[in-house]
Amino acid sequence: MENETDAQLGVRLQQLEAELHDQEALVQAYLNAARSVLGADSFEQVARQIFDAAIGLIGATSGYVALLSEKGDENEVLFLEAGGRPCTVDPSLPMPIRGLREIAYRTQGVAYENDFMHSEWVKMMPGGHVRLDNVLFAPLNVGGRTVGIMGMANKPTDFTPRDAHLAAMFGDLAAIALQRAYDQQMLHVLTRNLQRSNEDLQQFAYVASHDLFEPLRSISGFLALLEKRYQASLDEIGREFIHFAVEGAARMRKMVEGLLTFSRLETQEKTFNPVDMNAIVRSVLDDLHAQISERQACVHVDSLPRVAVDSSQLRQLWQNLISNAIRYNQSRPPRLEIGCDEKEQEWEFRIADNGIGFDSELYQDKIFQMFKRIDPDSQAAGCGIGLALCRKIVERHGGRIWATSEPGNGSCFYFTLPRPAEAARGKRS
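Residues numbered from 1 in each chain as written. Predicted model: local features only at pLDDT ≥ 70, side-chain atom pairs only at ≥ 80, totals over all residues. Heavy atoms only, no water.

Considerations on helix α8 (residues 311–327)
Using the following cut-off: The numbering of helices and of strands both runs from the N terminus, where a helix is a DSSP run of H or I of at least 4 residues and a strand a run of E of at least 2. Multiplying 1.5 Å by the helix residue count minus one yields the expected span of that helix. Here the term buried applies to any residue with accessible area under 20% of the maximum for its type, exposed to any over 50%, and partly exposed to those in between, with areas from a 1.4 Å probe on protein chains only.
The terminal C-alpha atoms of α8, which comprises 17 residues, lie 24 Å apart, in line with the 24 Å expected from a rise of 1.5 Å per residue. Within α8, burial applies to Q313, L314, L317, W318, N320, L321, I322, S323, N324, A325 and I326.

Thoughts on the layout of surface pockets
Our working definition: A cavity here means a set of 1 Å grid points, computed over protein atoms only, where a 1.4 Å probe fits but cannot escape. A pocket is an open set with protein on both sides within 12 Å along at least 5 of 7 lines, and lining residues have an atom within 4 Å of a point. Grid points are joined across faces, edges and corners, and a volume is the space filled by probe spheres set on the points. Polar here means any residue other than Ala, Val, Leu, Ile, Met, Phe, Trp, Tyr, Cys and Pro, which are nonpolar, and Asp, Glu, Lys and Arg, which are charged; Gly is therefore polar.
In this model, the second largest pocket occupies a volume close to 550 Å³. In terms of lining, the second largest pocket is formed by 30 residues, of which the most central are Y64, M95, R101, P126 and H129. At the level of secondary structure, the elements contributing two or more residues to the lining of the second largest pocket comprise β1 (62–68), β2 (74–81), β3 (95–96), α3 (99–107), β5 (135–142) and β6 (145–153). Residue classes in the lining of the second largest pocket are distributed as 21 nonpolar, five polar and four charged.

Some remarks on the pattern of salt bridges
Using the following cut-off: What counts as a salt bridge is simple: a side-chain nitrogen of Lys or Arg found within 4 Å of a carboxyl oxygen of Asp or Glu.
Within the structure shown, the criterion is met by 11 salt bridges. Between D287 and R315 there is a salt bridge whose closest N-O contact spans 2.0 Å. Of this pair, D287 sits in helix α6 (residues 277–287) while R315 sits in helix α8, and the two are 28 residues apart along the sequence. E342 is the salt-bridge partner of R419, the closest N and O atoms lying 2.7 Å from each other. A residue pair is termed long-range when its members are at least 10 positions apart, and R419 in the segment after β13 (411–418) and E342 in strand β10 (residues 335–342) qualify at 77 residues. The class of E342 is partly exposed, set by a relative accessible area of 26%. Here the residues in one salt-bridge network are R48, D52 and E81, joined through shared partners.

A look at the environment of F415
Worth spelling out the cut-off: Contacts are assigned to residue pairs with any non-hydrogen atoms lying within 4.5 Å of each other.
Note on placement: F415 falls in strand β13. When the C-alpha positions of F415 and W402 are compared, they lie 6.5 Å apart, and in sequence the two are 13 residues distant. Excluding its chain neighbours within four sequence positions, the residues that come into contact with F415 are L314, L317, W318, L321, W347, E348, F349, V394, R400 and I401.

Quick notes on the sheet that holds strand β4 (residues 111–113)
Our working definition: The criterion for strand pairing is that DSSP finds at least two bridges linking the strands in question. For helices, the fitted axis covers only the stretch in contact; all axes are lines through C-alpha atoms, and the angles between them, taken along N-to-C directions, range from 0 to 180 degrees.
Strand order in the open sheet formed by six strands is β3-β2-β1-β6-β5-β4, with antiparallel pairing between adjacent strands. Looking at the sheet topology across the chains shown, the edges are occupied by β3 and β4. In this fold helix α2 (residues 43–58) packs onto β1, β2, β5 and β6, with an angle of close to 65 degrees to the strand it touches most, β2. Running over the sheet, α3 touches β1, β2, β3, β4, β5 and β6 and is turned about 140 degrees from β6.

Some remarks on the packing of aromatic side chains
Operational definition: Paired rings are identified among Phe, Tyr and Trp, the last through its six-membered ring, by centres lying within 6.5 Å, and are further divided according to the angle between planes into stacked (under 30 degrees), edge-to-face (over 60) and tilted (the rest).
With the rule as written, the count across this model stands at eight aromatic pairs. Measuring from ring centre to ring centre gives 6.4 Å for Y64 and F137, while their planes differ by 55 degrees; the resulting arrangement is tilted. Taken together, the positions of Y64 in strand β1 and F137 in strand β5 put the pair 73 residues apart, joining distant regions of the chain. Across the pair, F137 and Y64 agree in class, each one buried.

Brief notes about the pairing of β2
Note: β1 against β2, six bridges, orientation antiparallel. When the sheet's bridge partners are listed, Y64 is paired in β2 with L80. The antiparallel pairing of β1 with β2 creates a hairpin that spans five residues between the two strands, and G72 there sits at a positive phi of about 85 degrees. Relative to β3, β2 is paired through two bridges, and the arrangement is antiparallel. Considered in β3, the bridge of E74 is made with P96.

A few points about the packing of α8 against helix α10 (residues 386–396)
What describes two packed helices is the angle between their axes and the distance between those same axes. The condition is simple: Two helices that cross are described as forming a left-handed crossing if the nearer one is turned anticlockwise from the farther one by less than a right angle, and a right-handed crossing if clockwise.
Between α8 and α10, the least distance of the axes is 9 Å, while the angle of their chain directions is 145 degrees. In the crossing of α8 with α10, the sense of the turn from one axis to the other is left-handed. Touching Q313, L314, Q316, L317, N320, L321 and N324 of α8 are G386, L387, L389, C390, I393, V394 and R396, all from α10.

Observations concerning the side chain of S323
Positionally, S323 belongs in helix α8. What S323 contacts, discounting residues up to four positions off in sequence, is L288 and Q291.

A closer look at α3
An α-helical turn contains 3.6 residues, so any two residues separated by three or four positions project in the same direction. When α3 is considered as a whole, its buried residues turn out to be G99, L100, R101, A104 and Y105. Remark: Q108 follows α3 within two positions and exhibits a positive phi of approximately 55 degrees.

As for unusual backbone geometry
Here the amide bond leading from R332 into P333 is cis, since omega sits at 0 degrees, within 30 degrees of zero. Along the chain, P333 turns up in the loop between α8 and β10. The phi dihedral of Q296 is positive, around 55 degrees, even though this residue is not glycine. Relative to the assigned elements, Q296 resides in the loop between α7 (289–295) and β8 (298–301). Look at Q296 and you get exposed, because its relative accessible area is 61%.

Next up, the structure:
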């Protein structure tokens, strides 16, 4: 290198600059094609952008992208670029898998021919096909299977191993786009089916629970008449039986009401407005005044923030949590601590009590499921909908709900609500 002349060094420098320029062009073209995978609306649109980038780098002037037919024996052309040469073949007709195309499919690798018009493959060309000086085929491999092909033709110079490598790269990118299109289509179908299933379930729950109210009213009414009319002739066991029946009907009514409320949640419009959480909790405590007074419960509430929520649903959430904290509590008196911590992206609310507690590791998921109760035989047991409703409300607001507890040592229920990024830190009502 020390003996190189200035002229030779200049030539080498020009070569290096040209190679660098080619590499920059390759990287930029690949990046642009990769961006199209994420931004395009359809696979055909993505495939066209990837194809244009590939033939631009390689220097081909003609080509197409085709996908394997449903039967797997032909190609169906998405688009065809004749490069200005005459072509009378209908591109909508299926394309047989044979010749070099068959080799690319079978080997799942790039195949090319630089003297096509003198090759054995030329006899397979249909009449009216564009003249092919040279051809190159890059397979689209998805999940270990070739499901399409990218064809290029009529490069002014011969195709090279480097061209084959570039074509394979862009073919793989097109395969990724195709897989993404398959996934999106499947996700769309699953989402649509899930939405339809949810709508059917909500409608069923609403109709079933709504239609149960009338027979429940009839049962309660006839039981009351039975007790009134035959009070004198009933013995203690008979009156006890009627009492159990009345209690069962009342519990069934609560379950139906809860089921109706649960089924209506998803059908309600999401209207979230800034609300003072202090005001909501004070309103709930006013409504639970009788329960709080009867148990002589002590409730301490820290300063709570303003949060964008559905106020009626958050009111229902707090009512369920506070009522449960008092109901499942054998302490004298029950003590409740309500507070909130400000996190980076959310508010974390909590309600702690000194109640009976439960094994949170064992029952963490169970307590938030519909009709699931830790102790169904307990006299304080509810209808098994309240905490399921709480979880539904919290998740509908984009939050999470969980609990920590130990048997005999009380419980602490937590739930989060999203906090806008622009909200001022520490700002509370």
